[in-house]
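Chain by chain, the residues:
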Amino acid sequence: MTALKRLFFLAIGLFLALPLIVVAGVSVNEKQTLAFPPQGFSLSWYGEIFTNNEWRSALVASLVLAATSAALALLIALPLAWFLWRRVAPWANIFQVLGVAPFTLPPVITALGLLTFWATSGFYGQPWTAVIGHAIFFVTLPLVTLSLGFSAIDRSLVEAAATMGADDRTIFRTVIFPLILPYMVSGYAFAFVLSLNEYIVAYMTVGFTMETLPIKIFNALRYGYTPTMASVTVFFLAIAALVFGAIARFGDLPKLLGAMTNDR
Amino acid sequence: MRREAPQRLADYGPLFFPAGMLIVFFVIPFATMIAVSFFERQQGGFYEPAFVLDNYGRFLSLFFGKVLGFSLFLAMAVAAACVAIGVPFTYLLSSASRRVQVWWLVALLSILSLSEVMIGFAWSTLLSRTAGITNLFVMLGLMDGPQALTPSFGAVMTAMTYQALPYTVLVLYPALVRLDPTLTEAARTLGASPLKAFFSVVVPALRNTILATSIMVFIFALGSYLLPQLLGRPQQWTLSVLITDQAIYQSNMPFAAAMAVFLVLVSLSLVGLALYVGRQREAA
C-alpha cells in the first residue's frame, strides 16, 4: 500500500511538475529558440525581464498593481470583517456575500461588468481602474482570512479590556490588532500573488493602455515565442512559492485553508 | 465584550467604506452589464439605450447551442477528471504527516495562483514539436519523429484539468482532514482491504462533499477563457472565450453582456445547488 501510495503521489507530482520543468528548461536556452533539452546554458533571459524596457515596464506595472490593489482589498475587508464579528447584524452578511461573489463566479463576468461600468462612466482605460477592479475581485481572500482570524480571538480578552475602561478604539489598537495582524499579512499576500497573475480583469479594463506581465505574455504569444516568457513564468512561480512558503513557515497554512485540527 | 446590535448611526461607521466600495464597484457594474444586455448595438462598436431582446434571441441559433453544449460538456469532463484524481489524492494527503501536507499545499497554491496565460504557455511548450514531450517518446523509441500535439481537444482537456486539480484538492482538503479516521480503521479491523475501505466507507461518507466539490470545480472550469483559445481549435471555444471575443474583438457589448448574464444564471443556480447539497450533509 505504501509503495502504491508513493507511486500515486509521484504520478500526480510529475503531472503537476512536467510543464514547469520544460518551461524552466526552455528559459535557459542560449539562443532565442524554444528547445528542450536546452541548447547551451544562459541566464540572460532572466536578465531580460529587468533590462528590456518593455518587459521591465510590464513587471513594474504588475508589481504596482498587485501591491496597491491588495492594500485596497485589505482596507475593504478589515472594517467589514471587524463589524461582522463585533456586531449582531444578520443583514450585514449580504456584504460578505457580495465580497465572495466575484471570486466564485466565472472571472469573465466581473471583467465584463467592470468593462461596461468604466466604459459607461467614461474612465475606461485609466490605470487606477485596474486597481479597483482587482481589489473588488480579490477582496474575498483577506475577507476569508480575517473572518478566520476574528473567530479565533477569545472574546474574554476583549471583555477584560472593556471592563478596565478601554473604549472600542483602544481595544482595537492594543488587543485586536496584534491578534489579527498575521491574518492581515496572509490575506494581503494571497491577494498580492493572485493579482500579479490575473489576466482577464486587467485585460478588459486597461488592456489597451497598460501592459501587466500576463497581458504582455499573451500579446507576445501572438508573435511567436521568446524564452523571456519562460523566464517570467519561472520567476512568478518562484515568487508564489516564496510567499506561500513564508506563510507556511510563520503561520498555520493547514488552518488557514480550513483544516481546524492541528494536533497531528 | 458581548456582541451587540448596532444602536447609533456611528456604530455603522466601519461598514460605510466596504459597503460603498462593494456597491459602487460590484453591484452597479453588475447592474450596468445587465442593462447593456438589453441595449441595441450600433455600427462601429457603440451601443445605445433600448429595451430589445435580440441579444438573448441570438441564443436560439445552432452556433450558440453548439458552443453552450460544448462548454458544459468540457466543464463536466474536467470536473469529473479532477474529482476522480482529487478525492483519493486528498484522502491520502490528509493522512500524511503535517510536514508533507504543508509541502504539497505550498506547491498546489503556487500552481493555482499561476496565471492562466502562463499555464497555457507551459502546456503549449510541453506539447510542441520542438521542445515537447514527443521528443522524449522519440528518445525512448516509442515514436518515429516528434510532432505537435496542439491544437486539440486532448490538449485543452489536459491543461484545464491541470489548472483545476489544485483547486479541487484545496476545496476537498478541509472536509477530508476532518473526516473521522476511526471510520476507516473500523473497516480495516473488520478485514476490508484499504481500497475496499476507501470505496465502501470514505466515498459514501463524503458523498455530499464530493457532489458539492464537483459543482464548484464545474463552475471553475466554466470560467476558463484562455486555455481553449491557446490550445484548442475554434470549435473548442467555450462560452467564456466567446464572451471575451464578442466584447473585445467584435465590439458587440450587448451580445457579450447577454451571454454573461446567462452564464451568471447558470453559475448561480449551480452555486445554490452546491450550497443546498452542503446543507444536506450537515443535516444528515
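Residues numbered from 1 in each chain as written. Chains lettered and ligands numbered in written order. Predicted model: local features only at pLDDT ≥ 70, side-chain atom pairs only at ≥ 80, totals over all residues.

Chemist: Looking at this structure, how should I read the overall build of chain A?
Modeler: Secondary structure assignment for chain A yields 13 helices and 0 strands. Listing the helices and strands of chain A from first to last along the sequence gives α-α-α-α-α-α-α-α-α-α-α-α-α. Its C-alpha atoms give chain A principal-axis dimensions of roughly 70 × 60 × 30 Å. Taken over 264 residues, chain A has a buried fraction of 48%. (Helix = DSSP H or I, 4+ residues; strand = E, 2+ residues; numbered from the N terminus. Buried ≥ 20, exposed ≤ 12 C-beta atoms within 10 Å, placed from the backbone.)

Chemist: What exactly am I supposed to notice about the overall build of chain B here?
Modeler: Check the secondary structure of chain B and you find 13 helices and 2 strands. Principal-axis analysis of the C-alpha atoms places the extent of chain B at approximately 75 × 70 × 30 Å. The buried share among the 284 residues of chain B stands at 45%. Sequence separation of at least 24 residues holds for 68% of the intrachain contacts in chain B that already meet a minimum separation of 6. (Contact = placed C-beta atoms within 7 Å.)

Chemist: Whenever I open this one, the interface of chain A and chain B confuses me. Can you help?
Modeler: As a measure of interface size, the accessible area lost when the parts come together is often cited. Counting from both sides, the interface comprises 74 residues of chain A and, opposite them, 71 residues of chain B. Taken together, the residues of the side of chain A that touches chain B sort by class into 58 nonpolar, 10 polar and 6 charged. (Nonpolar A, V, L, I, M, F, W, Y, C, P; charged D, E, K, R; others polar.)

Chemist: What should I look at first to understand the nonpolar core in this one?
Modeler: Buried together is how nonpolar side chains tend to be arranged in soluble globular proteins. If you look at the biggest cluster of nonpolar residues, it comprises 170 residues, and the most contacted ones within it are A77 and L112 of chain A together with A221 and A260 of chain B. Broken down by element, this core gets its largest block of residues, 17 residues, from helix α3 (residues 53–86) of chain A. When residues no more than four places from it in sequence are discounted, the contact partners of L112 of chain A are M204 of chain A together with M33, I243, A247, A256, A257 and A260 of chain B. (Core = buried A, V, L, I, M, F, W, Y, C linked by C-beta atoms within 7 Å.)

Chemist: Explain the environment of A256 of chain B here, please?
Modeler: Looking at the element boundaries, A256 of chain B is found in helix α13 (residues 253–283). Residue classification places A256 of chain B among the buried residues on the basis of 26 C-beta atoms within 10 Å. For the pair formed by A256 of chain B and L239 of chain B, sequence separation is 17 residues and the distance between their alpha carbons is 9.8 Å. Not counting residues up to four positions away in its chain, the partners in contact with A256 of chain B are L112 of chain A together with I243, Q246 and A247 of chain B.

Chemist: What is the right way to read the environment of Q126 of chain A from this model?
Modeler: In this fold, Q126 of chain A is placed in the loop between α5 (107–121) and α6 (127–138). Linking Q126 of chain A and F250 of chain A, residues 124 residues apart in sequence, is a C-alpha distance of 37 Å.

Chemist: Whenever I open this one, the packing of helix α4 (residues 98–113) of chain B against helix α7 (residues 153–177) of chain B confuses me. Can you help?
Modeler: Describing two packed helices takes the angle between their axes plus the distance from one axis to the other. Residue and element names in this part refer to chain B. At a minimum axis separation of 8 Å, α4 and α7 run at an interaxial angle of 130°. With respect to α7, the element α4 is oriented oblique. As for how α4 packs across α7, the hand of that crossing is left-handed. Of the residues in α7, those in contact with L108, I111 and L112 of α4 are P166, Y167, V169 and L170. (Axes fitted to C-alpha atoms, helices over the stretch in contact; angles between N-to-C directions. Parallel < 35°, antiparallel > 145°, perpendicular 65-115°, else oblique. Left-handed = near helix turned anticlockwise from the far one by under 90°.)

Chemist: Would you explain the packing of α5 of chain A against helix α12 (residues 239–249) of chain B in this entry?
Modeler: Packing of α5 of chain A against α12 of chain B leaves a shortest axis separation of 10 Å and a crossing angle of 15°. Considering the angle they form, α5 of chain A stands roughly parallel to α12 of chain B. Our pair here, α5 of chain A against α12 of chain B, has a crossing hand that is left-handed. On α12 of chain B, the residues touching V108, L112 and L115 of chain A of α5 of chain A are S240, I243, T244 and A247 of chain B. Looking at the contact of α5 of chain A with α12 of chain B residue by residue, the class counts come to 5 nonpolar, 2 polar and no charged.

Chemist: I'm lost on helix α9 (residues 168–197) of chain A in this one. Help?
Modeler: The periodicity of an α-helix, 3.6 residues per turn, causes residues three or four places apart in sequence to face the same way. Between its first and last C-alpha atoms α9 of chain A spans 38 Å; for 30 residues at 1.5 Å apiece the expected length is 44 Å, and the helix comes up short by more than 12%. Of all the bends in α9 of chain A, the largest measures some 55° and sits at F177 of chain A, one to four residues before the proline P178 of chain A. (Expected span 1.5 Å × (residues − 1). Bend = angle between axes of the 7 residues up to and from the residue.)

Chemist: Which parts of the structure should I look at to understand α12 of chain B?
Modeler: All names here are of chain B. Among the 11 residues that make up α12, 8 are buried, leaving the element largely enclosed by the rest of the structure. If you check which residues of α12 are buried, you get L239, S240, V241, L242, I243, T244, Q246 and A247. Positive backbone phi, at 50°, marks S251, one or two positions downstream of α12.

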